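# Observations on the model geometry
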Amino acid sequence: MTDATPTAPVAGTIGPIVLDGGAAPRPGARADEDLLDGLNPQQREAVTYRGQALLIVAGAGSGKTSVLTRRIASLLRNREAWPSQILAITFTNKAAGEMRERVEHLVGDSARGMWISTFHSACVRILRREAEQFGFTKSFTIYDSGDSRALIKRLVKEHEADAFGLTPAATQGKISKLKNELADAESYARTANMSDPAERVFVELFAAYQRELQRANAFDFDDLIAQTVFLFRAFPQVADVYRRRFRHVLVDEYQDTNHAQYALIHELTRPPGSDAAPLAGSGGMMIFEAEPAAEDGASLTVVGDSDQSIYAFRGADIRNISEFEKDYPGAKVVLLEQNYRSTQNILSAANAVISHNFDRKDKRLWTDVGEGEKIIGFTGYSQHDEAQFVADEIEALRRAGVDYSQMAVFYRTNSQSRALEEIFIRSALPYKIMGGTKFYERAEIKDALAYLVAVANPADEMAMRRIINRPRRGIGDVTIETISRYAVDQQITFRDALANSSALGVGPKIQAAIAHLDAVLAEATEIMLPASGELAPPTAVADGLQLLLNKSGYYDALRASKDAQDEARIENLDEMVAVAREFARNNPEGTLLDFLTEVALVSDADDLEDASGSVSLMTLHTAKGLEYDAVFVTGVEEDLIPHRISAGEPGGPQEERRLFYVGITRARQRLYLSLAMTRAQFGEVTVAMPSRFLQEIPLELLHWRQSPGDVNSRGGTQSRALNARRGGFGGSGSGSGKRYGDDLVPLARREPTGNLERFANKIPSKVRDNGDLELAPGDRIRHDDFGEGRVDAVTGEGAKRVAHVRFDVAGPKKLLIKIAPISKL
DNA sequence: AAGGACAAGGTTTTT
DNA sequence: CCTTGTCCTT
């Protein structure tokens, strides 16, 4: 092992917090010996290495969380660090919670002072402390993407930016991207082509957006990171406080960091006092550090796997990890390649697929648990057929003793879940859809939160505008503008303008409505933020919310509604109040602000494990970081995975391949890959082609229950396996005529024509087309696979016509007439 | 100001 | 197919 440089316990702190039975460790003995139990040499190295910078390249299933938590525990046990000196950063709250739990399990209560949190919540903590330094208050609100979209939408309208092709969505995307690169309107203006009027308008929009955020005392998600970086750069003495505090910074999923996050880590791990160089801020202020830098920067540990980088589309920069050694000269790199999750067959398939990405460091996962089952492939006629296969197989697995909660079905796009759901409901399979419609994105929940924000941060005009006519109070655009203008004239906030309803010059009915809303908000404020200075009771948030919903008339309006959906909305609001009560139980000291922060930063993906007793359905993206005994990857088709839109994006196909790779490597024991020959999308039936990624899996690993060839071939005499081999893959033009740039090239070169038989997935060059074959109830037909049968009914129109056929042997089936391998007798 | 009728458009996702 | 947004009427 390495020369682990022992670091002296930090001076000036109090009492040992080590739970090692009291005795100080003998020289040479490690207090963390038990932490290394069961670890392989590479993992041990990753736990025990001490130095400025460490990169742990952790392949899927290689035990990285274990290594990370033990590394933290070992720092604490060896008294190399106090809990307060540790900052561990993850991407999701769920991951943070899990890590905290596991560290606590190892070291007990001493885990308490650590910061184990997401990038965003760590930044919120810092910003709440320092907001006053740069024109915000502690009670700033956090705009989620919906909030910021609403604001941008208003600004786009005001600036008539639509005319320049600047839609709200495009503007939001561009601003977000720029913020992730730490650009602001001013710096962007310097590089942009300002002779282009569209660019000028965009810069104007960007600046206006930022002004509005500041006016509302609000940060959007991207700001939380970027503004923290700006804060550190503008106020080095503030940055030094955190640099001195955090001596060990650990970052999980480093391959998913964007530039702003990278810069934040960089700022945090610089030596304190290293900003001694004069810094000319925009205000022209010059800052000199009195003392020369005496301390080192914090030690940095990052964990990641560039093969699992699937968030480039939202700014993740894979170079952060691939160039780590350049960024941190002298960095140690530890490679974890032994996989403790999957069978060798699954890993071999994963390795084979991912090896088609060029420009990647070679890394081969291996395991010693043995080959395991073959991967099962299935091709359905339609997505319903495919879903039926999945359902049948899940039932078979259940009978074989696999728990529902240990099975998962993945798909590329959320819309694919529908067909699966239909079949699952019909088959009475318990399932749970992960991360579908977000609880906190529902309109009624956003309304409830806007009421709370109106109390917590009266400067937030967005929240006020949202609630002012919800429930309907007869206040429309005209009145809102009247109030807004009055507020500007009087130099008060929109919220305070409500208190002067009589001065607004509006009709008596509207005036009464405004006065009522003002009174309700005031009453809620007294409960949640008592002016007298006494502490609000823990239940204040829940009570205040309840009061707001009752007295505002929100509940009444829903109850009076005829719309059936409104009943569900009431339930959702009740749930929201329950969330507030639960928050009070867990955080007796928690304030309204704490509650709003938690709600803004917590996502539904954080309660993923609630799936006890159910099969989990989710997108491939959501699947990252999870594992199941049996995994179904569905819709393995061209234009889906890889997704059509990715084809045009640089690096798109490669990212799609990583996504597929992530899906495969979630499986412990059994992996199923399925697709459909036709897929109904947007009401249109389209013909689907097997995904190119299927070609990349060696034949011997994959057993086709029904291959693409089976579904299309006419011949009933040859075995399915032989059918599968006919017709050559990738064939002449393969229908779509599309060329996918870089992606097909490596395969074509590596596999000259003679060797094609090694691959299981022949992509048929033609899809069957029966034209407008007419069928009527009572007709006898012959099907290539199912034999003879009688048509019961015909439904649908045109290309979507479906024959309901009762086969003599195979039983009832539904067939798409246009493409099914059938003929009329 | 509010509700109904039609057109448009529709990856992936965390925070 | 289904959601979302805009326009038009009352």
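For chain A, the name recorded in an unreviewed UniProt entry is DNA 3'-5' helicase, with Microbacterium psychrotolerans as its organism. Taken directly from UniProt, the Sequence similarities (unreviewed entry) text for chain A runs: "Belongs to the helicase family. UvrD subfamily."

## Comments concerning the packing of aromatic side chains
Scanning the model with the defined rule gives 20 aromatic pairs in all. What links up through ring pairs into an aromatic cluster is the set Phe134, Phe136, Phe140 and Phe219. The ring of phenylalanine 140 has arginine 128 sitting right over it, with the charged end atom 4.1 Å from the ring centre. The lysine or arginine in question, arginine 398, covers the ring of tyrosine 404, its NZ or CZ lying 5.4 Å from the ring centre.

## Concerning the sheet that holds strand β8 (residues 332–336)
Spatially, 6 strands are ordered β3-β2-β6-β7-β1-β8 in an open sheet, and the strand pairing comes out parallel. Two strands in the sheet have a free side with no partner beyond their single neighbour: β3 (115–118) and β8. Direction aside, the axes of adjacent strands within the sheet are offset by 15° on average. Where strand β2 (residues 86–90) meets β3, 4 bridges bridge the pair, whose relative direction is parallel. Opposite alanine 88, over in β3, you have isoleucine 116 as the bridge partner.

## Topic: the side chain of glutamate 637
Relative to the helices and strands, glutamate 637 resides in the loop between β13 (628–633) and α27 (652–664). On the basis of relative accessible area, glutamate 637 is assigned to the buried category, the value being 2%. Polar side-chain contacts of glutamate 637 include one of 2.7 Å to the side chain of arginine 679.

## Digging into the packing of helix α15 (residues 383–399) against helix α16 (residues 417–426)
One can describe the packing of α15 onto α16 by two numbers: an axis separation of 9 Å at closest approach and a directional angle of 45°. Considered as vectors, α15 and α16 are oriented oblique to each other. As α15 packs across α16, the resulting crossing turns out to be right-handed. Along the contact surface, α15 presents Gln383, His384, Ala387, Gln388, Val390, Ala391 and Ile394, while α16 presents Ala419, Leu420, Glu422, Ile423, Phe424 and Arg426. Looking at the contact of α15 with α16 residue by residue, the class counts come to 8 nonpolar, 3 polar and 2 charged.

## With respect to the sheet that holds β13
Hydrogen bonds between backbone atoms are what pair the strands of a sheet, whose relative direction is either parallel or antiparallel. As summarised here, the arrangement of the 7 strands in space is β11-β12-β10-β13-β14-β9-β17, forming an open sheet in which the pairing is parallel. Strands at the two margins of the open sheet, each flanked by one partner only, are β11 (431–433) and β17 (702–706). Between one strand axis and the next, the sheet turns through 20° on average, direction left out of account. Where strand β9 (residues 375–380) and strand β14 (residues 667–676) come together, 5 bridges link them in parallel fashion. Of the residues in β14, the one forming a bridge with glycine 380 is alanine 676. Along the sheet face, α15 touches β9, β10 (407–411), β12 (615–619), β13, β14 and β17 and points at about 155° away from the line of β14. Most of the contacts of α27 go to β14, to which it runs at about 130°, and overall it touches β10, β13 and β14.

Definitions and cut-offs
- Counting of residues starts from 1 at the beginning of each chain's written sequence and follows it residue by residue.
- The order in which chains are written sets their letters, starting at A; the order in which ligands are written sets their numbers, starting at 1.
- Local features in a predicted model are, by the rule used here, given only for residues with pLDDT of at least 70; side-chain atom pairs are given and counted only at 80 or more, and totals for whole chains, interfaces and linings are based on all residues.
- With hydrogens and water stripped out, all remaining heavy atoms of the structure feed into the side-chain values.
- UniProt positions are given in the numbering used here, feature names are shortened, and annotations may be inferred rather than shown by experiment.
- Note on ring pairs: Phe, Tyr and Trp rings are taken, using the six-membered ring of Trp, and paired if centres are within 6.5 Å. Classes follow the plane angle, with under 30 degrees stacked, over 60 edge-to-face and the rest tilted.
- Cation placement over rings: the criterion is NZ of Lys or CZ of Arg within 6 Å of the ring centroid and within 35° of the ring normal.
- When DSSP finds two or more bridges between two strands, those strands count as paired.
- For the purposes of this entry, the term helix denotes a DSSP run of H or I that reaches at least four residues, the term strand denotes a run of E that reaches at least two, and both are numbered from the N terminus.
- Axis geometry follows a simple rule: fit a line to the C-alpha atoms, using only the stretch in contact for helices, then measure angles between N-to-C directions, giving values from 0 to 180 degrees.
- Exposure categories follow from relative accessible area, calculated using a 1.4 Å probe and restricted to protein chains: below 20% of the type maximum is buried, above 50% is exposed, and the middle band is partly exposed.
- Polar contacts, as counted here, are pairs of nitrogen or oxygen atoms within 3.5 Å of one another; within protein the pair requires one atom able to donate a hydrogen and one able to accept it, and residues that are adjacent in sequence qualify only if both atoms are side-chain atoms.
- An angle counts as roughly parallel when it lies under 35 degrees, as roughly antiparallel when it exceeds 145, as roughly perpendicular when it falls between 65 and 115, and as oblique in every other case.
- Crossing handedness: left-handed means the near helix sits turned counterclockwise from the far one by under a right angle, and right-handed means the same turn made clockwise.
- Residue contacts are defined here by distance: any two heavy atoms, one from each residue, within 4.5 Å place the two residues in contact.
- Just so you know the grouping, Ala, Val, Leu, Ile, Met, Phe, Trp, Tyr, Cys and Pro go in nonpolar, Asp, Glu, Lys and Arg go in charged, and all remaining residues, Gly too, go in polar.

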